[in-house]
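Chain residues, written in single-letter form:
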Amino acid sequence: MAQMTMIEAIKDAMRVELERDENVLLFGEDVGHVGGVFRATEGLQKQFGEDRVFDTPLAESGIGGLALGLGIQGFRPIAEIQFIGFIFEVMDSIAAQASRMRYRSGGKYNSPITFRTPFGGGVHAPELHTDSLEGLMMQTPGIKVVVPSNPYDAKGLLISAIRDNDPVFFMEHLKLYRSFRGEVPEGEYTVPIGKANVVREGSDVTIITYGAMVHTSLKAAEELEKQGVQAEVIDLRTLMPLDIETIVESVKKTNRAIVVQEAQKTSGAAAEIMAQINEKAILHLEAPVIRVAAPDTVVAFGQIEKEWLPNEKKVIAGVNQVINF
Amino acid sequence: MDNVSVMEKANYEVRTNKVMPLSILSLDGKVNEDLLPDLSDDQLRELMRRMVFTRTWDQRAISLQRQGRLGFYAPVSGQEASMIGSEFALNKEDFVCPGYRDMPQIVWHGLPMYQAFLYSKGHQHGGEIPEDVNVLMPQIIIGAQIVQSAGVAMGLKKRGKKNVVITYTGDGGSSQGDFYEGMNFAGAFKLPVIFVVQNNGYAISTPSSKQTAAETIAQKGLAAGIKSVQVDGMDVLAMYKAVQDAAERGRNGEGATLIEAITYRFGPHSMSGDDPTKYRTKDEESEWVLKDPIVRFRQYLEAKDLWTEEDETKTIEEAKQTVADQIKKAESTAKMTIPGLIDSMFESTPSHLEEQKKAYLEKEGN
């Protein structure tokens, strides 16, 4: 099996789908000729031609509209938004248009669009390049939200997203693009949207997380083991739909849980997960569920980014708080 | 500096020319034969029938809205020429991306009228567009239809079809970023889109003079490198011709066209509390009434013996009857349900929504 970085796996997924289905189109700012600012699409224009893989003018709302209209004509667009902060420029297309196309047209049209965008801190990117906006998307009815944490999942989830007949917001963590390699099968396979993965089993506490924080949480779990604490780590993989069954099953076993997210603390994914644990498993809890998250400020890019982001130490402190409650 | 030539300011300053809107029909019903589009007597009569029908439908819809039998309604009276004339120049396979006031175009393009009424009432079946009808439902977000029309047109082009997309907005809509983005995409990818701006002078209450410093809205298309024209939007023949020309260019692979139609809405912005007397003068309204698109065209057709008072009465009666039948059909359509709404969010309803649906179904059973 091939060893790939996450960005290679993402490119491989797009190659597989471009090859399999001629309705798949790939476009965005700089994705064609140079292959994207991170080279996620490098070589794809050469392989599939300018008709299917192309550069657009620099206008995110235009890219969103293009995707919407192409979806109406039966195409399956993969629209790259160069950095997550630029999402606000295309928010209407995503949150007010693609999300309700099926509803508005009584099912005549749909929006089989994958909006891919890099996000995530820890790589010293500029302002408005790294925000974690999954919470906004989770609160938008009609959108699926996917956040892979490793190369295998990234390829399988992206293939699922491209084949999905509803819009998918696919978030690619910048820090994970090239930080490690993993085994990735050749050709096509899917990882289902809406299914979490228990990446570490444990009996004392459940750490629920996604994206780059999966790795932070796994490291924290190793440290905790030395203290005699067995932490179970759940990689959600998909935030909408949320695999609450896997979460509840784990909480029933461990009776304690924390949610770790890179995003700001208030509202958002962690808050939703806590609310659902409260609804479905409160009598199984020995301690309140807590959040390990960033402060409710704008993203601290640059100088104090490292202190701002959740880290291993904060995860360990969070676990100890619920263990010692 | 010897090799630097002396330049006049006129050489490097970008300017637009003075423009006069395309007009074919005079106020007293005479036509400019040189510009007259090739329309048969039957087609001319049909154009008139549709305009008269639409005005009656508009009056009936206003009254239905006042009776609480319709939801949101944006009156169309005054804009019949720009709406009907433009749609009439299209083929059935051409695609219409309307703004919120553009219900007549999509109904004449094939959407059953009772569905337009259902849409107004907030019933999902309203937007369930029949298979052979190529329209989107009216766009609420001003400008969103403009970027989408570029996408639909790119799709048609990639499929090798000889069809065009027409999209409508108003003078206010031309201030949106999406207006420029949509035109720019259509220009850059050479897409068959016809952008129609129905400039009726007001975006709700804000006059065009406060909307832009540009002398014309038509000139905004020049920035996107697309063909741009200004048309008398109260002249149904001019509207027909402008769209026919633009559609031909689109079909021939010559790209997009922006059409600014100078028009006026006789009624309020919508039936939701807008009072035009707060921002328009009676004098101004009376001036525009003289340009009434139906009156002008009627004079022309009567002189050609193509339209009689009897035709007019018959059309009005037909419209009244159709509206009565169609609203009855809308009102007898089974009410939407929350479980039905839930099932329309995704192709396959995820478990959290299934759970919420179940809660509603259980309540209904009680």
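The rules behind each value
- Residue numbers here run from 1 along each chain, matching the order of that chain's written sequence.
- For this description, chains carry letters from A and ligands carry numbers from 1, given in the order in which they are written.
- Only residues with pLDDT of at least 70 are given local features in this predicted model, and only at 80 or more are side-chain atom pairs given and counted; all residues enter the totals for whole chains, interfaces and linings.
- Note that water and hydrogens are dropped before the side-chain values are worked out from all heavy atoms of the structure.
- What is meant by a nonpolar core is a set of buried Ala, Val, Leu, Ile, Met, Phe, Trp, Tyr and Cys residues, joined one to another through side-chain atoms within 4.5 Å.
- Whether a residue is buried, partly exposed or exposed follows from its accessible area with a 1.4 Å probe, protein chains only, as a fraction of its type maximum: under 20%, in between, or over 50%, in that order.
- Helix and strand assignments come from DSSP, with helices taken as H or I runs of at least 4 residues and strands as E runs of at least 2, each series counted from the N terminus.
- We call two residues contacting when some pair of their heavy atoms lies within 4.5 Å.
- Every helix has an expected span of 1.5 Å times one less than the residues it contains.
- Once two parts are joined, some of their accessible surface, as seen by a 1.4 Å probe, is lost; buried area is that loss totalled over both.
- When a carboxyl oxygen of Asp or Glu lies within 4 Å of a side-chain nitrogen of Lys or Arg, that pair is called a salt bridge.
- When residues are sorted by character, Ala, Val, Leu, Ile, Met, Phe, Trp, Tyr, Cys and Pro go into the nonpolar class, Asp, Glu, Lys and Arg into the charged class, and all the rest, Gly among them, into the polar class.
- Here a cavity denotes a set of grid points, spaced 1 Å apart and computed over the protein atoms alone, in which a 1.4 Å probe fits but from which it cannot get out, and a pocket denotes an open set meeting protein on both sides within 12 Å along at least five of seven lines; residues with an atom within 4 Å of a point are reported as lining.
- Grid points are joined across faces, edges and corners, and a volume is the space filled by probe spheres set on the points.
- UniProt positions are given in the numbering used here, feature names are shortened, and annotations may be inferred rather than shown by experiment.
- Any two strands with at least two DSSP bridges between them are considered paired.
- For crossovers, right-handed means that the path from the first strand over the helix to the second runs clockwise, given strands pointing away from the viewer.
- Think of it this way: a Phe, Tyr or Trp ring, Trp meaning its six-membered ring, pairs with another when their centres are within 6.5 Å, and the plane angle makes it stacked under 30 degrees, edge-to-face over 60, tilted otherwise.
- Over a ring means this: the NZ of a Lys or the CZ of an Arg is within 6 Å of the ring centre and within 35 degrees of the ring normal.

S.K.: Explanation requested: the nonpolar core in the structure shown.
M.R.: Formed by 144 residues in total, the largest nonpolar core has its most connected members in Phe169, Leu236 and Ile247 of chain A together with Leu237 and Phe297 of chain B. For this core, the element with the highest residue contribution is helix H2 (residues 41–66) of chain B, accounting for 10 residues. Leaving out residues up to four positions away in the same chain, Phe169 of chain A has contacts with Ile84, Ile87, Ile94, Phe115, Thr117, Met137, Ile143, Lys144, Val145 and Val146 of chain A. The next biggest cluster of nonpolar side chains, apart from the first, holds 32 residues, and it includes Leu26, Ile159, Val168 and Leu176 of chain A.

S.K.: So what exactly am I meant to see when it comes to helix H7 (residues 177–188) of chain B here?
M.R.: The periodicity of an α-helix, 3.6 residues per turn, causes residues three or four positions apart to be oriented the same way. Its 12 residues place the ends of H7 of chain B 16 Å apart at the C-alpha level, agreeing with the 16 Å of an ideal helix rising 1.5 Å per residue. Within the span of H7 of chain B, buried status applies to Asp178, Phe179, Glu181, Gly182, Met183, Phe185 and Ala186 of chain B. Check the buried side of H7 of chain B and you find it contacts helix H3 (60–72) of chain A together with helix H6 (144–158), strand E2 (165–170), strand E3 (193–199), helix H9 (220–223) and strand E7 (257–262) of chain B. Just downstream of H7 of chain B lies Lys190 of chain B, where phi reads positive at about 50°.

S.K.: Is there a simple way to explain the interface of chain B and chain A in this structure?
M.R.: Reports often express the size of an interface as the amount of accessible area lost when the parts come together. Counting residues at the interface gives 44 residues for chain B, matched by 42 residues for chain A. Of the roughly 3400 Å² buried between chain B and chain A, counting both surfaces, carbon and sulfur atoms make up 58%. For chain B, the biggest contributors to the area lost against chain A are Lys158, Phe185 and Phe346 of chain B; these three give 19% of the whole. Counting the contacts that link chain B with chain A gives 2 salt bridges. At the level of secondary structure, the elements contributing two or more residues to the side of chain B that touches chain A comprise H6, H7 and helix H15 (351–365) of chain B. Considering every element that reaches the side of chain B that touches chain A, the biggest residue donor is H6 of chain B, with 10 residues. In the side of chain B that touches chain A, the residues fall into 25 nonpolar, 11 polar and 8 charged.

S.K.: Please clarify how the layout of surface pockets should be interpreted in this entry.
M.R.: Unoccupied space between atoms shows up once a probe the size of one water molecule is rolled over them. Residues and elements named next belong to chain A. Its boundaries defined by the atoms lining it, the largest pocket holds a volume of some 950 Å³. What lines the largest pocket is a set of 37 residues, and nearest its centre among them are Gly135, Met138, Gln139, Met240 and Glu272. Sorting elements by how many residues they give to the lining of the largest pocket places helix H10 (residues 268–281) first, with 8 residues. Class assignment of the residues belonging to the lining of the largest pocket gives a composition of 16 nonpolar, 14 polar and 7 charged. Each pocket or cavity is described by its volume, and for the second largest pocket that value is around 460 Å³. Taken together, 19 residues form the lining of the second largest pocket, with Lys175, Met213, Thr216, Lys219 and Pro310 sitting closest to its centre.

S.K.: I'm lost on the UniProt feature "domain: Transketolase-like pyrimidine-binding" (unreviewed entry) in chain A in this one. Help?
M.R.: The positions UniProt marks with the feature "domain: Transketolase-like pyrimidine-binding" (unreviewed entry) are residues 4–179 of chain A. Counted over residues 4–179 of chain A, helix gives 35% and strand 17%. Its end C-alpha atoms are 11 Å apart.

S.K.: Would you mind showing me how to read the pairing of E7 of chain B here?
M.R.: It is a general feature of regular strands that their side chains alternate between the two faces of the sheet. Residue and element names in this part refer to chain B. Counting buried positions along E7 yields 5 of 6 residues, so the element is predominantly enclosed. As defined by bridge partners, E3 adjoins E7 across 6 bridges and the pair is classed as parallel. Counted as the bridge partner of Asn199 is Ile262 from E7. Examined bridge by bridge, strand E6 (residues 227–232) and E7 share 6 bridges and lie parallel to one another. Each residue of the ladder has a partner; that of Lys227, found in E7, is Thr257. In this view, the connection linking E6 to its parallel neighbour E7 by way of helix H10 (residues 236–251) has right-handed handedness.

S.K.: I'm lost on the packing of aromatic side chains in this one. Help?
M.R.: Think of a pair of aromatic rings as described by two things: how far the centres are apart, and how the planes are tilted against each other in angle. A full pass over the atoms with the stated rule returns 14 aromatic pairs over all chains. Residues Tyr202 of chain B and Tyr279 of chain B carry aromatic rings whose centres are separated by 5.3 Å and whose planes lie at 50° to one another, so their mutual orientation is tilted. Of the two residues, Tyr202 of chain B sits in strand E4 (residues 202–203) while Tyr279 of chain B sits in the loop between E7 and helix H11 (282–289), which places them 77 residues apart along the sequence. On the basis of relative accessible area, Tyr202 of chain B is assigned to the buried category, the value being 10%. The ring of Phe75 of chain A has Arg159 of chain B lying over it, and the distance from NZ or CZ to the ring centre is 3.8 Å. Stacked on the ring of Trp288 of chain B, the Lys or Arg Lys291 of chain B has its end atom at 4.1 Å from the ring centre.

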